[in-house]
Amino acid sequence: DAKTTQPPSMDCAEGRAANLPCNHSTISGNEYVYWYRQIHSQGPQYIIHGLKNNETNEMASLIITEDRKSSTLILPHATLRDTAVYYCIVRSSSGTYKYIFGTGTRLKVLA
Amino acid sequence: GAVVSQHPSRVICKSGTSVKIECRSLDFQATTMFWYRQFPKQSLMLMATSNEGSKATYEQGVEKDKFLINHASLTLSTLTVTSAHPEDSSFYICSARVAPWETQYFGPGTRLLVL
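I will try to describe carefully the structure that is included in this document. Computed from a prediction, not measured in an experiment: that's the story for all the values here. Each chain has its residues counted from 1, running along the sequence as written. All chains are assigned letters beginning at A, and all ligands numbers beginning at 1, according to the order in which they are written. Selection of residues for local features in this predicted model requires a pLDDT of at least 70, selection of side-chain atom pairs for listing and counting requires 80 or more, and totals for whole chains, interfaces and linings are taken over all residues. The side-chain values count all of the structure's non-hydrogen atoms but skip hydrogen atoms and water molecules.

## Concerning the overall build of chain B
Then, number 1: When you go through chain B residue by residue, the secondary structure sums to 0 helices and 11 strands.
Then, number 2: Only C-alpha atoms enter the radius of gyration, while the globule expectation follows 2.2 Å times N to the 0.38, with N the number of residues. Over its C-alpha trace chain B gives a radius of gyration of 13 Å, about what one expects of a compact globule, namely 13 Å for 115 residues.
Then, number 3: Remark: exposure states derive from per-residue accessible area (1.4 Å probe, protein chains only) relative to the maximum for the residue type, with buried under 20%, exposed over 50%, and partly exposed in between. The buried share of chain B, taken over its 115 residues, is 51%.
Then, number 4: Any two residues whose heavy atoms approach within 4.5 Å at even a single point are treated as in contact. The long-range share in chain B, meaning contacts at least 24 apart out of those at least 6 apart in sequence, stands at 54%. The secondary structure listing takes helices from DSSP runs of H or I that are at least 4 residues long and strands from runs of E that are at least 2 residues long, numbered from the N terminus.

This is how it looks when you write it as structure tokens:
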């Protein structure tokens, strides 16, 4: 299962874009990249996922490099409610298709 | 859509007793449910994978006789912590998905405190 590496923490000013990087250099061709966030004392919330192409939904955008070794989650206009731990996960492509959580990035949005 | 609930949200029990936690998919049928454990300031750690109608698959290091998992229907899985001890105090989170290639949706978690 591919491992992910994320910076432990980041700050972002309210109203600005938050760009959260993730390295997954050992990802294989058919493994998806998923992003979740966890607000204190709650279960993780699904944000977005992708395979090769960039993806966008109402919450965020996901940019995956052409070699797929890294990705960036973009929150276009961060608000205080976006303060959370963000997890980048590479989902296994065989067996139980389970998630292996890394350590995540603690994003703090500042007023 | 894709709502997962857990009950109870928090439980306090005495050492040596057993505690059952329920995980329900409210608006979809979940062929697979997962159970995770999270200690303070740490990431989620997968404990086991549960498929409806079959035995759960436990991750290495997780005692299957201590953490009993039952997935009797497509909308309900239960985790029973048997003979709980203070070191079992943790945040237990379940997730559910429709099919292997589908997204997992997580419950709100259950905080267990063993005295």
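From this point on, the discussion continues.
## Considerations on the sheet that holds strand E6 (residues 61-64) of chain A
Residues and elements named next belong to chain A.
Then, number 1: Read from one edge of the open sheet, 4 strands run E2-E7-E6-E5, paired in antiparallel fashion. Of all the strands in the sheet, the pair left with one neighbour each is strand E2 (18-23) and strand E5 (55-56).
Then, number 2: Strand direction decides the pairing type here: E6 and strand E7 (residues 70-75), joined by 4 bridges, are antiparallel. Looking across to E7, one finds that Ile64 is bridged to Ser71. Each pair of strands is called paired provided DSSP finds at least two bridges between the two strands.

## As for the state of the cysteines
Then, number 1: Throughout, disulfides are identified as pairs of cysteine sulfur atoms within 2.5 Å of each other. According to the stated counting rule, one finds 2 disulfides over all chains in the structure shown.
Then, number 2: Paired by a disulfide, Cys22(A) and Cys88(A) hold their sulfur atoms 2.1 Å apart. Classification of the bridge connecting Cys22(A) and Cys88(A) rests on its S-S torsion, roughly -80 degrees, and on that basis the disulfide is left-handed. Of this pair, Cys22(A) sits in strand E2 while Cys88(A) is found in strand E8 (residues 84-91), placing the two residues 66 residues apart along the sequence.
Then, number 3: Take Cys88(A): its relative accessible area is 0%, and that puts it in the buried class.
Then, number 4: Cys22(A) provides the cysteine sulfur closest to Cys12(A), a residue in no disulfide bond, and the two sulfurs are 18 Å apart.
Then, number 5: Classification of Cys12(A) as buried rests on a relative accessible area of 7%.
Then, number 6: Cys13(B) forms no disulfide, and the closest cysteine sulfur to it belongs to Cys94(B), at a distance of 18 Å.

## Digging into the sheet that holds strand E1 (residues 4-7) of chain B
Residues and elements named next belong to chain B.
Then, number 1: Across the sheet, 4 strands lie side by side as E1-E3-E8-E7; this open sheet has antiparallel pairing. Every other strand in the sheet has two partners, leaving E1 and strand E7 (67-73) as the edge strands with one partner each. Adjacent strand axes in the sheet meet at a mean angle of 15 degrees when their direction is disregarded.
Then, number 2: By the bridge criterion, 6 bridges tie strand E3 (residues 19-25) to strand E8 (residues 76-81) in an arrangement that is antiparallel. By the bridge assignment for E8, Cys23 is matched with Ser77. Axis definition: a line fitted to C-alpha atoms, limited for helices to the stretch in contact. Angles are taken between N-to-C directions and run from 0 to 180 degrees.

## Looking at unusual backbone geometry
Then, number 1: Of note, the bond from His7(B) into Pro8(B) is cis; its omega dihedral lies within 30 degrees of zero at 0 degrees.
Then, number 2: The residue Pro8(B) is located in the loop between E1 and strand E2 (10-13) in this model.
Then, number 3: The phi torsion at Ser41(A) lies on the positive side, around 65 degrees, for a residue other than glycine.
Then, number 4: Examined against the element boundaries, Ser41(A) turns out to sit in the loop between strand E3 (32-38) and strand E4 (45-50).
Then, number 5: Phi angles above zero are rare outside glycine, and Arg68(A) is one such case at about 65 degrees.
Then, number 6: Considering the arrangement of structural elements, one finds Arg68(A) in the loop between E6 and E7.

## Remarks on a nonpolar patch on the surface
Residues and elements named next belong to chain B.
Then, number 1: Residues forming no salt bridge and having over 30% relative accessible area are the ones grouped into patches, like charges within 9 Å of each other and nonpolar side chains (Val, Leu, Ile, Met, Phe, Trp, Tyr) within 5 Å. Note that accessible areas follow from Shrake-Rupley with a 1.4 Å probe, and for residues the cover is restricted to the protein chains shown. Salt bridges, as used here, are contacts in which a Lys or Arg side-chain nitrogen is within 4 Å of a carboxyl oxygen on Asp or Glu. Among the surface-exposed residues, Ile12, Leu113 and Leu115 lie close enough to one another that they form a single nonpolar patch of about 310 Å² accessible area.
Then, number 2: With respect to the secondary-structure elements, Leu113 resides in strand E11 (residues 110-114).
Then, number 3: Leu113 sits in the partly exposed class, given a relative accessible area of 39%.

## Observations concerning the packing of aromatic side chains
Each aromatic ring pair is characterised by the separation of its centres together with the angle its planes make.
All names here are of chain B.
Then, number 1: Between the rings of Phe, Tyr and Trp (Trp by its six-membered ring), a pair exists once the centres lie within 6.5 Å; its type follows the angle of the planes, with under 30 degrees stacked, over 60 edge-to-face, and the other angles tilted. Under the defined criterion, the tally for this structure stands at 16 aromatic pairs over all chains.
Then, number 2: Here the aromatic rings of Phe28 and Tyr105 are separated by 6.3 Å at their centres, their planes lie at 65 degrees, and the arrangement is edge-to-face. With Phe28 in the loop between E3 and strand E4 (32-38) and Tyr105 in strand E10 (residues 105-106), this residue pair connects regions lying 77 residues apart in the sequence.
Then, number 3: For Phe28, a relative accessible area of 13% corresponds to the buried category.
Then, number 4: Residue classification places Tyr105 among the partly exposed residues on the basis of a relative accessible area of 27%.

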